[in-house]
Amino acid sequence: MSTPTLTRPSARRSAPRQSRPGRRAQGWKKLGWVLFFLLPSAIPLTVFTLVPMVSSLWVSLHKWNLISPMQWVGLDNYTNLLGDPMTRRVFLHTLIYVAGYLPLVYAGGLGLALVLNQRLKGRAFLRATYFLPVVTSWVVVALVWKWLLNPANGLVNQILGALGLGQPGWWTDPHWALPAVILSSAWKDLGFVMVILLAGLQAIPSDVHEAALVDGANGWQRFWRITLPLLSPSTFFVVVISLINGFQVFDQVYVMTAGGPSGSSQVVVGQIYDLTFRYGRAGEASALSWILFAVILVITVFQIRGQRKWVHYA
């Protein structure tokens, strides 16, 4: 009877241990390639976004008129702004703008999406036509609307006068300046909201509506019980983006009213611009921009957390 011989572990079993350094090197090589392909976007992001953000935070802690050396003041710029009635006023104007702009642009965009989701002749042409203002320069749109809303000879007031209605002063009247800006902004962004909601409508399965129709649901019931709930992801995206854009409104205000008359349409970003280039208070302007950033961040976080209650993903 032969005794069993003891054999050493084969080299094949120890191969994985020897290949670990090779795998690690291969992983670093893949990471290097990933970073290499990210450089074309990472470099502009760092240079034009991250560095200016950090710089503005540093400037917000100083008193600076863009010419003389900066003077360290700590958090004085923030405390002065929070106690300034003008800061509360421009935030109030911005909130009024958002409160008027958001429902108008969403309702108009939803209406267009519902109509253009039907089988109509020239549907593609109409979609392109309504989307055209989105890709048009804000300066051009603001100038056109400033002409349309001209109190003296504007087309809107001529139509209102022909109908026997009142003719507001629009951008020359403190009570109508902000509504004029809201109207032009909503008109320009209707196409963007329409495209997003139209994509959401086309993603709703048709058999869901057919089943509801068989069960006897009328058009309003199908819209309220099926379309809107299944459209909630697109609605959530539109609301978040529109709120962020609304708080950052500037171009149309600057071109149409320049914050007037008598500061009745001045908004937060317009105040940041004036503090920097009109009054030479770059430190306070940077502090105000960070206050605006904090407000937008808090609102966005609440929206993201609150979406669980009303956003329904299929």
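Since this is a predicted model, take the numbers as computed values, not measurements.

1. Thoughts on the overall build of the protein chain
Right, so step 1: Within the protein chain, the secondary structure is distributed over 13 helices and two strands.
Right, so step 2: In terms of overall size, the protein chain is more extended than a compact globule, its C-alpha atoms giving a radius of gyration of 29 Å where 314 residues would be expected to give roughly 20 Å.
Right, so step 3: Oriented by its inertia axes, the alpha-carbon framework of the protein chain measures out at about 120 × 75 × 35 Å.
Right, so step 4: Going through the 314 residues of the protein chain one by one, you find that 36% of them count as buried.
Right, so step 5: In the protein chain, the share of contacts with a sequence separation of at least 24, taken over all contacts with a separation of at least 6, comes to 67%.
Right, so step 6: Summed over all atoms, the accessible surface of the protein chain reaches about 19,900 Å², with 66% contributed by carbon and sulfur.
Right, so step 7: Distance between charge centroids for the protein chain: 21 Å, based on 25 positive and 10 negative side chains.

2. With respect to the side chain of Q252
Right, so step 1: Position of Q252 among the secondary structure elements: in helix α11 (residues 251-256).
Right, so step 2: Sequence-distant contacts of Q252, defined by excluding residues within four places in its chain, comprise Y97, W138, A142, V181, S185 and T257.

3. Overview of the pattern of salt bridges
Right, so step 1: Inspection of every chain in the model, using the stated rule, returns two salt bridges.
Right, so step 2: A salt bridge links E284 to R281, with the shortest nitrogen-to-oxygen separation between them at 2.5 Å.
Right, so step 3: The exposure class assigned to R281 is partly exposed, which follows from its relative accessible area of 33%.

4. So, the environment of V238
Right, so step 1: With respect to the secondary-structure elements, V238 resides in helix α10 (residues 232-247).
Right, so step 2: By relative accessible area, which is 0% here, V238 ends up buried.
Right, so step 3: Sequence-wise, V238 and W58 are 180 residues apart; in three dimensions their C-alpha atoms are separated by 33 Å.
Right, so step 4: Once residues within four sequence positions are removed from consideration, V238 is found in contact with Y106, V193, I196 and L197.

5. Some details on α10
Right, so step 1: Helix length check: α10 (16 residues) gives 22 Å between terminal C-alpha atoms against 22 Å at 1.5 Å per residue, within 8%.
Right, so step 2: Restricting attention to buried positions, one finds in α10 the residues S232, S234, T235, F236, V238, V239, V240, S242, L243, G246 and F247.
Right, so step 3: Elements in contact with the buried residues of α10: α3 (85-116), α7 (177-202), α9 (219-230), α12 (268-277) and α13 (282-310).

6. A word on α12
Right, so step 1: Within α12, eight of the 10 residues are buried, which leaves it mostly tucked inside the rest of the structure.
Right, so step 2: Buried residues of α12: V268, V269, G270, Q271, I272, D274, L275 and T276, and no others.
Right, so step 3: In this fold, the buried residues of α12 make contact with α2 (76-82), α3, α10 and α13.

7. A closer look at a nonpolar patch on the surface
Right, so step 1: Together, W33, F36, F37, L39, I43, V47 and F48 make up a nonpolar patch on the protein surface, roughly 800 Å² of accessible area in all.
Right, so step 2: In this structure, F48 sits in helix α1 (residues 15-59).
Right, so step 3: Classification of F48 as exposed rests on a relative accessible area of 65%.

8. Observations concerning the packing of aromatic side chains
Right, so step 1: In total, this model carries 15 aromatic pairs according to the counting rule given.
Right, so step 2: Centroid distance W58 to W72: 5.8 Å. Interplanar angle 50°. Geometry classified as tilted. Of this pair, W58 sits in helix α1 while W72 sits in strand β2 (residues 71-72); the two residues are 14 residues apart in sequence, bridging distant segments of the chain.
Right, so step 3: Taken together through their ring pairs, the aromatic side chains of F250, Y254, Y273 and F277 make up a single cluster.
Right, so step 4: Cation over ring: K146 sits above W171, and NZ or CZ is 4.9 Å from the ring centre.

9. Describing the packing of α7 against α10
Right, so step 1: Close contact between α7 and α10 brings their axes to 9 Å; oriented N to C, the two are set at 160°. Overall, the two elements α7 and α10 adopt an arrangement that is roughly antiparallel. For the element pair α7 and α10, the recorded crossing hand is right-handed. Between α7, through F192, V193, I196, L197 and G200, and α10, the contact on the second element is made entirely by S234, T235, F237, V238 and I241.

10. Details of the packing of helix α8 (residues 206-214) against α9
Right, so step 1: Here α8 crosses α9 at 145°, and the two axes come no closer than 11 Å. Crossing handedness for the pair α8 and α9: right-handed. Residue-level contacts link V208, H209, A212 and L213 of α8 to R222, I226 and T227 of α9.

Definitions and limits used
- Residues numbered from 1 in each chain as written.
- Predicted model: local features only at pLDDT ≥ 70, side-chain atom pairs only at ≥ 80, totals over all residues.
- Heavy atoms only, no water.
- Helix = DSSP H or I, 4+ residues; strand = E, 2+ residues; numbered from the N terminus.
- Rg over C-alpha atoms; globule rule 2.2 N^0.38 Å.
- Buried < 20%, exposed > 50% of the residue type's maximum accessible area, 1.4 Å probe, protein only.
- Contact = heavy atoms within 4.5 Å.
- Areas by Shrake-Rupley, 256 points an atom, 1.4 Å probe, with all protein chains shown as cover.
- Lys, Arg positive; Asp, Glu negative; His and termini not counted.
- Charge placed at Lys NZ, Arg CZ, Asp CG, Glu CD.
- Salt bridge = Lys/Arg side-chain N within 4 Å of Asp/Glu carboxyl O.
- Expected span 1.5 Å × (residues − 1).
- Patch = residues over 30% accessible without salt bridge, like charges linked within 9 Å, V, L, I, M, F, W, Y side chains within 5 Å.
- Phe/Tyr/Trp six-rings, centres within 6.5 Å; stacked < 30°, edge-to-face > 60°.
- Lys NZ or Arg CZ within 6 Å of the ring centre and 35° of its normal.
- Axes fitted to C-alpha atoms, helices over the stretch in contact; angles between N-to-C directions.
- Parallel < 35°, antiparallel > 145°, perpendicular 65-115°, else oblique.
- Left-handed = near helix turned anticlockwise from the far one by under 90°.

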